[in-house]
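# Structure assessment
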Amino acid sequence: MAEPIIRVEGLKWKYEGSRDWVLKGVDLEIHQGEFVGIVGPNDSGKTTLAMSLNGLVPNNYPGVMEGRVVVDGMDTREHSVAEIAESVGFVFPDPESQFLSMTVEEEVVFALENRGLPREEIEERMWWALELTNIPEDYLEKPPYELSGGEKQRVAIASVLAMRPKIIVLDEPTSMLDPIGKTEVIEVLTEMKRRYNATVIVIEHRLEDIAPLADKMVLVYRGTIPKVAPPREFFQDVDFLLEHDVFPPDVMVLANELRRRGLYDGPVPMTVDEAESIVRGILGRR
Amino acid sequence: MGEAVRVDHISYVYPDGTVGLKEAALTIQEGEFLAFIGQNGSGKTTLSKNISGLLKPTTGDVWVFGRNTREAPMSELATLVGYIFQNPDHQLFNQTVYDEIAYGPRNLKLPEEEVEERVTEAMRIVGLDESYREEHPFFLSKGLRQRVAIASILAMRPKVIIVDEPTTGQDFKQSIDIMDFLTMLNREHGHTIIIITHDMPIVAKYAERTVAMADGRILLDGPTREVFAQAEALAQANIKPPQITRLAQRLGDLGIPPNVLSIEEMADLIESALKGRE
């Protein structure tokens, strides 16, 4: 197998002034093109792990680090956040926190202009990013703050996509949005998975939506990574996830309950469609 | 138990001309546990703020324990209905946890002795340790700030408590903790609880009655089980019932009813359908 694009080795991290390690020696490998879902309860270290992938940890936060993180060949302790940003794009939970410009167009091209790319290439990348995030042309002149929550987050994602980073990290991109906005952003993630061969890493509580998209699921719990597996394997042990404060989608918990009652002994379903087939299979028996 | 709230065909138009509510009517009995659901802009927050007296209806009347919200002073309404904002930071502004929780009771001009008693009680109910009394709310974790916000409302001892998005940004376990706490206030202390939420599994698990809103109107109002069974009406309002309910709604031909609310219930139905065939 090819060298992983991200390698986290024995990473320990403690913010200055905090007593305990936030990450207690975690290992993780992510390969080029993988779509990775990171889950786990709040305050377990998910965001710190995400920030260690683009070098914000340790470069922009005071603290103590042990172990190492290598991203696209760069040891994050030996490269600046700006250098690492050439390879890693980052999307925050609150889209407003990252807006810098007065119009959607300026927002999407801002970083490209800063890099001094030729006008043609800037245009081409902008249209590509807008299309992928389903932002209509007549939005270009709008101020970002006039958009709905879901639209804002799509603009934030478009401005990161326009940089064509090899790796995109999204930290709870739907947590501040209403259901329509959440659905819009999940659709963008689905398009990214389908059409953009980047490495995508998403921290997300909406397991129902992430499970069918992910190639690999990572559980972060109290500063450790107790489980890494493809979704079908990751969700098989429902009780293990519940013990780690992760509540799998209803249909998975149902399959687990049916197993417990001796009515079913197959794998847990990833979607409502699969659950429907399972129930039909059980009740179709004579 | 008597009538707590009567919303009598109210409309609400915001100062910029936006119509927030059209002809909304509902009655809430003391001791109920309700959820208001609907997309952003559907009117659920506008309705809640009219119930709490933070907004006054443009036409029609809101009665809270027999008092018209247009006529009763805010200091009195605050003892009847408390409104807990989604972001605790929108309501916290004092220098210490104690002063924050004491702010409302002091505004009621209660003697300091009773203020102290109410603060102590509120802190105990929300599970805030005494050692936090002199802390600055700003330096507490979000979960603790939320508890301070709830305690500051509880100290007013309002009979009706409205909580805006109690589970947003919370993980699974934190959500359960908050909702179990509201259930305790409802069952043991007799508070009427209204949650405003997008979190349908939470509605299915905790709310006895659900009011679904769309375009400033009340679309559906009834026992949660009956509301979630109306798949078509909910789809019009862009509301997706919980995953387990959606599964049940595809299995009508196998005798599974469209109003299943829990995993346990679904498993029971499958088990008894199997037994029925043996």
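A quick note: this is a predicted structure, and the numbers were derived from the prediction, not measured.

## Quick look at the overall build of chain A
- From N to C terminus, chain A includes twelve helices and ten strands.
- Over its C-alpha trace chain A gives a radius of gyration of 20 Å, about what one expects of a compact globule, namely 19 Å for 286 residues.
- Principal-axis analysis of the C-alpha atoms places the extent of chain A at approximately 70 × 45 × 35 Å.
- Taking all 286 residues of chain A together, the buried fraction comes to 57%.
- Total accessible area computed for chain A in this model is approximately 12400 Å², and 48% of it derives from carbon and sulfur atoms.
- Put simply, chain A has 31 plus and 51 minus side-chain charges, and the middle of one group is 7 Å from the middle of the other.

## Details of the packing of aromatic side chains
- According to the stated counting rule, one finds ten aromatic pairs over all chains in the structure shown.
- Ring centres of Phe234 of chain A and Phe235 of chain A lie 5.2 Å apart, and the angle between their planes is 80 degrees; this geometry places the pair in the edge-to-face category.
- According to the relative accessible area criterion, Phe235 of chain A is buried, its value standing at 0%.
- Pairing Tyr12 of chain B with Tyr14 of chain B gives two aromatic rings, centres 4.8 Å apart and planes at 80 degrees, and the pair type is edge-to-face.
- On the basis of relative accessible area, Tyr12 of chain B is assigned to the buried category, the value being 8%.
- Residue classification places Tyr14 of chain B among the partly exposed residues on the basis of a relative accessible area of 28%.
- Taken together, the aromatic side chains of Trp13, Tyr15 and Tyr61 of chain A make up a single cluster linked through ring pairs.
- Lying across the ring of Trp21 of chain A, Lys14 of chain A places its NZ or CZ 4.7 Å from the centre.
- The side chain of Lys142 of chain A reaches across the aromatic face of Tyr139 of chain A, ending 4.3 Å from its centre.

## Describing the sheet that holds strand β2 (residues 23-30) of chain A
Residue and element names in this part refer to chain A.
- Read from one edge to the other, the open sheet built from four strands follows the order β2-β1-β4-β5, with strand pairing classed as antiparallel. Sheet topology places β2 and β5 (74-75) at the edges, where each strand pairs with a single neighbour.
- In this sheet, β2 lies alongside strand β1 (residues 6-15) in antiparallel orientation, the contact comprising six bridges. Paired with Arg7 across the bridge in β2 is Glu29.

## Quick look at the domain arrangement of chain A
All names here are of chain A.
- Each domain of chain A was delimited in the assignment, giving domain 1 (6-248) and domain 2 (249-286).
- Just the C-alpha atoms count here: the centres of domain 1 and domain 2 sit 33 Å apart.
- On the side of domain 2, eleven residues touch domain 1, which itself brings twelve residues to the contact.
- Interface area, domain 1 with domain 2, both sides summed: about 1000 Å², of which 62% is carbon and sulfur.
- Linking domain 1 with domain 2 are one salt bridge.

## Some words on the pairing of strand β4 (residues 63-71) of chain A
All names here are of chain A.
- Across eight bridges, β1 lies against β4 in antiparallel orientation. Bridge pairing in β4 places Trp13 opposite Met65.
- Sheet topology places β4 next to β5; two bridges connect them, and they run antiparallel. Looking at the pairing, Val70 lines up with Asp75 of β5.
- Hairpin remark: β4 followed by β5, antiparallel, with two residues in the connecting loop; positive phi at Asp72, about 50 degrees.

## Some points on the side chain of Ser101 of chain A
All names here are of chain A.
- If you trace the backbone, Ser101 turns up in the loop between β6 (88-91) and α4 (104-114).
- Overall, Ser101 belongs to the buried group, its relative accessible area being 12%.
- Beyond its immediate sequence surroundings of up to four residues, Ser101 is in contact with Glu106, Glu107, Phe110 and Pro144.

## Section: the packing of helix α3 (residues 97-107) of chain B against helix α5 (residues 142-154) of chain B
Residue and element names in this part refer to chain B.
- Packing of α3 against α5 brings their axes to within 7 Å, and their N-to-C directions diverge by 30 degrees. In terms of their interaxial angle, α3 and α5 are classed as roughly parallel. In the crossing of α3 with α5, the sense of the turn from one axis to the other is right-handed. Two secondary-structure elements touch here, α3 through Val97, Glu100 and Ile101 and α5 through Val148, Ala151 and Ser152.

## Describing the interface of chain A and chain B
- At the junction of the two partners, chain A supplies 31 residues and chain B supplies 31 residues.
- In total, about 2900 Å² of surface goes out of reach between chain A and chain B, with carbon and sulfur atoms giving 61% of it.
- Taken as a group, Asp250, Arg261 and Leu283 of chain A account for 23% of the area that chain A buries against chain B, more than any other trio of residues on that side.
- Taken together, chain A and chain B are joined by seven salt bridges.

## Quick word on helix α5 (residues 119-132) of chain A
Residue and element names in this part refer to chain A.
- Compared with an ideal rise of 1.5 Å per residue, which puts 14 residues at 20 Å, α5 spans 20 Å between its outermost C-alpha atoms and is within 8% of the ideal.
- Burial in α5 covers these residues: Ile122, Arg125, Met126, Trp128, Ala129, Leu130 and Leu132.
- Residues of α5 that are buried make contact with α4, α6 (149-161) and α7 (179-195).
- Looking one or two residues beyond α5, the residue adopting positive phi is Asn134, at roughly 60 degrees.

Criteria and thresholds
Residues numbered from 1 in each chain as written. Chains lettered and ligands numbered in written order. Predicted model: local features only at pLDDT ≥ 70, side-chain atom pairs only at ≥ 80, totals over all residues. Heavy atoms only, no water. Helix = DSSP H or I, 4+ residues; strand = E, 2+ residues; numbered from the N terminus. Rg over C-alpha atoms; globule rule 2.2 N^0.38 Å. Buried < 20%, exposed > 50% of the residue type's maximum accessible area, 1.4 Å probe, protein only. Areas by Shrake-Rupley, 256 points an atom, 1.4 Å probe, with all protein chains shown as cover. Lys, Arg positive; Asp, Glu negative; His and termini not counted. Charge placed at Lys NZ, Arg CZ, Asp CG, Glu CD. Phe/Tyr/Trp six-rings, centres within 6.5 Å; stacked < 30°, edge-to-face > 60°. Lys NZ or Arg CZ within 6 Å of the ring centre and 35° of its normal. Pairing = 2+ DSSP bridges. Domains from an automatic or database assignment. Contact = heavy atoms within 4.5 Å. Buried area = accessible area lost by both parts, 1.4 Å probe. Salt bridge = Lys/Arg side-chain N within 4 Å of Asp/Glu carboxyl O. Axes fitted to C-alpha atoms, helices over the stretch in contact; angles between N-to-C directions. Parallel < 35°, antiparallel > 145°, perpendicular 65-115°, else oblique. Left-handed = near helix turned anticlockwise from the far one by under 90°. Expected span 1.5 Å × (residues − 1).

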